[in-house]
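Chain by chain, the residues:
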Amino acid sequence: MNKIYFDHNATTPVIDEVFEAMVPFYKEQWGNPSSIHWAGRGTRKAVEDARENVCKLLNCAPLELIFTSSGTESDNHAIKGIAYAKKDKGNHIITTKVEHPAILSTCKHLAKEGFEITYLEVDKDGLIDLEQLKAAITPKTILITVMFANNETGVLFPIKEIGQIAKERGITFHTDAVQAAGKIPINVQELNVDLLTISGHKIYGPKGVGALFAKRGVRLTPLIHGGHQERNRRGGTENVAGIIGFGKAAEIAIRDLDKEIAHLSMLRNRLETGLKEKIQHVYVNGHPEKRLPNTANISFEFVEGESLLLNLDMKGIAASSGSACTSGSLEPSHVLVAMGISLELAHGSVRFSLGKSNTVEEIDYLIEIMPPIVERMRSMSPLFAGHKF
Amino acid sequence: MYSEKVMDHFSNPRNVGEIEEASGTGMVGNPACGDIMKLTIKIENNVITDVKFKTFGCGAAIATSSMVTELVKGKGLDDAEKISNNTVAEALDGLPPVKMHCSNLAADALHAAIEDYRKKLETK
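Cut-offs used in this document
Residues numbered from 1 in each chain as written. Chains lettered and ligands numbered in written order. Predicted model: local features only at pLDDT ≥ 70, side-chain atom pairs only at ≥ 80, totals over all residues. Heavy atoms only, no water. Pairing = 2+ DSSP bridges. Helix = DSSP H or I, 4+ residues; strand = E, 2+ residues; numbered from the N terminus. Right-handed = clockwise from strand over helix to strand, strands pointing away. Core = buried A, V, L, I, M, F, W, Y, C linked by side-chain atoms within 4.5 Å. Buried < 20%, exposed > 50% of the residue type's maximum accessible area, 1.4 Å probe, protein only. Domains from an automatic or database assignment. Contact = heavy atoms within 4.5 Å. Buried area = accessible area lost by both parts, 1.4 Å probe. Salt bridge = Lys/Arg side-chain N within 4 Å of Asp/Glu carboxyl O. Polar contact = N/O pair within 3.5 Å; in protein donor to acceptor, adjacent residues only side chain to side chain. Nonpolar A, V, L, I, M, F, W, Y, C, P; charged D, E, K, R; others polar. Axes fitted to C-alpha atoms, helices over the stretch in contact; angles between N-to-C directions. Parallel < 35°, antiparallel > 145°, perpendicular 65-115°, else oblique. Left-handed = near helix turned anticlockwise from the far one by under 90°. Expected span 1.5 Å × (residues − 1).

Draft legend 1. Representation of the pairing of strand S4 (residues 116–120) of chain A in the model. All names here are of chain A. Note: strand S3 (residues 92–96) against S4, 5 bridges, orientation parallel. Each bridged residue has a counterpart across the sheet, and for Ile-93 the counterpart in S4 is Ile-117. Regarding topology, helix H4 (residues 101–112) serves as the crossover connection from S3 to the parallel S4, and that connection is right-handed.

In structure tokens:
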């Protein structure tokens, strides 16, 4: 059975070039980058070279990039770091209802400590209303955090405009760009962002490494106290091989960006058109244009997402329902529910997130096997009575 | 994540459908939970002679629905009423903990169908 992977928003495979770049840092160049002797010096240089490559992905300066252990850590660092650093100025944070749990849970935690959180609504396309954002701002607002691209639907938020609103009012602006990095261009010089989160394993790098862009002058309380690593902003000996891999992955992402955007949007459009042509009562969730090129979030009415995933898995296809982080729960996707999608349709959603190795043949295979799966599940569904193909 | 028995019942569900002019119908679950089960039973001389299900739900919901139909077919009403959600889960070699509450409703559907049958008898 062919194995087909359509879950790149969950994680991506480490590509060969990246792995090969990492290997020497487990074998010959194992020195601590903080050491002044021969064993550490080369490692330090390699880490700083990797930092430059990751910076190029965002167009920021090396001093502005902090390596962390993950996107989640970067999000925690940004939000708690600002909340604690600016708590004398105010206690209000604005975010959205559709953020990743790394943001939502951190905000929930801060709420217990006395911070006030506003969760902005989204419309049926998954977008926020900028007027609502402006209206939510109070003299006590210290931070706005809005994701760059939604992990479940791929919907893109107007980061530059949000940044402008924050900038005019002296509010710090953070964006979780974990899903956007490597899939669309990101230029922090043009975006009015103060803080931006990215992760290695979403761009064909290793797991266990992330980064936080913190604009020069933005003061953050550290999350992890320790040594002087990362300019005293993040203690702990660097995950050297991980950072090297992240740097290589960033270099490749920049090199291949235009080609990948064309490839992924062609495949994604073929997938959506094909499924809509072959199966009735199918809905694509999220704004039709303002979204990532690789993500298709599709609701199959009258059937439940997990049972579709199990059927797909039996045919060798890996996809996901909602986000991998929420699949352990029974709640329908908080993103789709916030968009006003009915509970049945939210439960009947499948996310196909495509990546560089996917082919037209794989998409066509999905389009071929999906109609009988949906038909079989619908024939078993009590919700389907009265509806006929 | 799921046992082999769950996957077997999910891939080859037994007794799918709806009995026309059923003696009793049980419908349980809700869209928030993501699982809705409809069970129809035919009862002759206090024995469940036929049973069919239709289910909207995850792998566990479909497997438990299928399993409960196997467990009750040919059983007397008294025995059928003793079947609990746990009986069904055990017959499937267990369910993941997260599924035990929400997607383990098949026995509830069975009891609802039997209750429906008894109510119909009273009003006759």
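Draft legend 2. Looking closely at the nonpolar core. All names here are of chain A. Formed by 67 residues in total, the largest nonpolar core has its most connected members in Leu-58, Ile-144, Phe-148, Ile-186, Leu-196 and Ile-198. With 9 residues, the top contributor of residues to this core is helix H9 (residues 240–278). Taken domain by domain, this core gets at least three of its residues from each of domain 1 (4–11 + 257–385) and domain 2 (16–252). Beyond its immediate sequence surroundings of up to four residues, Phe-148 is in contact with Val-155, Leu-156, Phe-157, Ile-159, Thr-175, Asp-176, Ala-177, Ala-180, Ile-184, Ile-186, Leu-191 and Leu-196.

Draft legend 3. Region of interest: the environment of Val-68 of chain B. Positionally, Val-68 of chain B belongs in helix H2 (residues 59–72). With near-sequence residues (within four places) excluded, Val-68 of chain B lies in contact with Leu-39, Ile-83, Val-88, Ala-106, Ala-107 and Leu-110 of chain B.

Draft legend 4. Expanded view of the interface of chain A and chain B. The interface is formed by 22 residues belonging to chain A together with 27 residues belonging to chain B. Taken over both partners, the interface formed by chain A and chain B buries close to 1,900 Å², and the fraction arising from carbon and sulfur atoms is 71%. Counting the contacts that link chain A with chain B gives 1 salt bridge. Ionic pairing is found between Glu-306 of chain A and Lys-99 of chain B, a salt bridge with its closest N-O pair at 2.6 Å. In this structure, the connection of chain A to chain B is made through 8 residue pairs in polar contact (both at pLDDT 80 or more). For the side of chain A that touches chain B, the elements supplying multiple residues, two or more each, are helix H10 (305–314), helix H12 (343–347) and helix H13 (360–379) of chain A. Its residues placed into classes, the side of chain A that touches chain B shows 11 nonpolar, 7 polar and 4 charged.

Draft legend 5. Spatial organisation of the packing of H2 of chain B against helix H6 (residues 106–123) of chain B. All names here are of chain B. Where H2 meets H6, the axes come as close as 8 Å, and the angle between the chain directions of the two elements is 50°. Taken as axis vectors, H2 and H6 run oblique relative to one another. Both H2 and H6 take part in a crossing whose hand is right-handed. Residues Thr-64, Ser-65, Val-68 and Val-72 of H2 form the contact with H6, whose own contacting residues are Ala-106, Ala-107 and Leu-110. Residue classes in the contact of H2 with H6 are distributed as 5 nonpolar, 2 polar and no charged.

Draft legend 6. Region of the structure containing helix H3 (residues 71–85) of chain A. Residues and elements named next belong to chain A. Here H3 spans 21 Å end to end across 15 residues, near enough to the 21 Å set by a 1.5 Å rise per residue. In terms of residue burial, H3 counts as a mostly covered element, since 12 of its 15 residues are buried. Turning to H3, its buried residues number three or more, namely Gly-71, Glu-73, Ser-74, Asp-75, Asn-76, His-77, Ala-78, Ile-79, Lys-80, Gly-81, Ile-82 and Ala-83.

Draft legend 7. Seen up close, the domain arrangement of chain A. Residue and element names in this part refer to chain A. Under the domain assignment, chain A is made up of domain 1 (4–11 + 257–385) and domain 2 (16–252). Relative placement of domain 1 and domain 2: their C-alpha centres are 28 Å apart. Counting residues at the interface gives 29 residues for domain 1, matched by 31 residues for domain 2. Taking both sides of the interface into account, the surface hidden between domain 1 and domain 2 amounts to around 2,500 Å²; carbon and sulfur atoms contribute 59%. Between domain 1 and domain 2 we count 0 salt bridges in total. At the boundary of domain 1 and domain 2, one finds 15 residue pairs in polar contact (both at pLDDT 80 or more). Listed by contribution, the elements that provide at least two residues to the side of domain 1 that touches domain 2 are H9, strand S10 (295–300) and helix H11 (334–338). At 4 residues, H11 tops the list of elements feeding residues into the side of domain 1 that touches domain 2.

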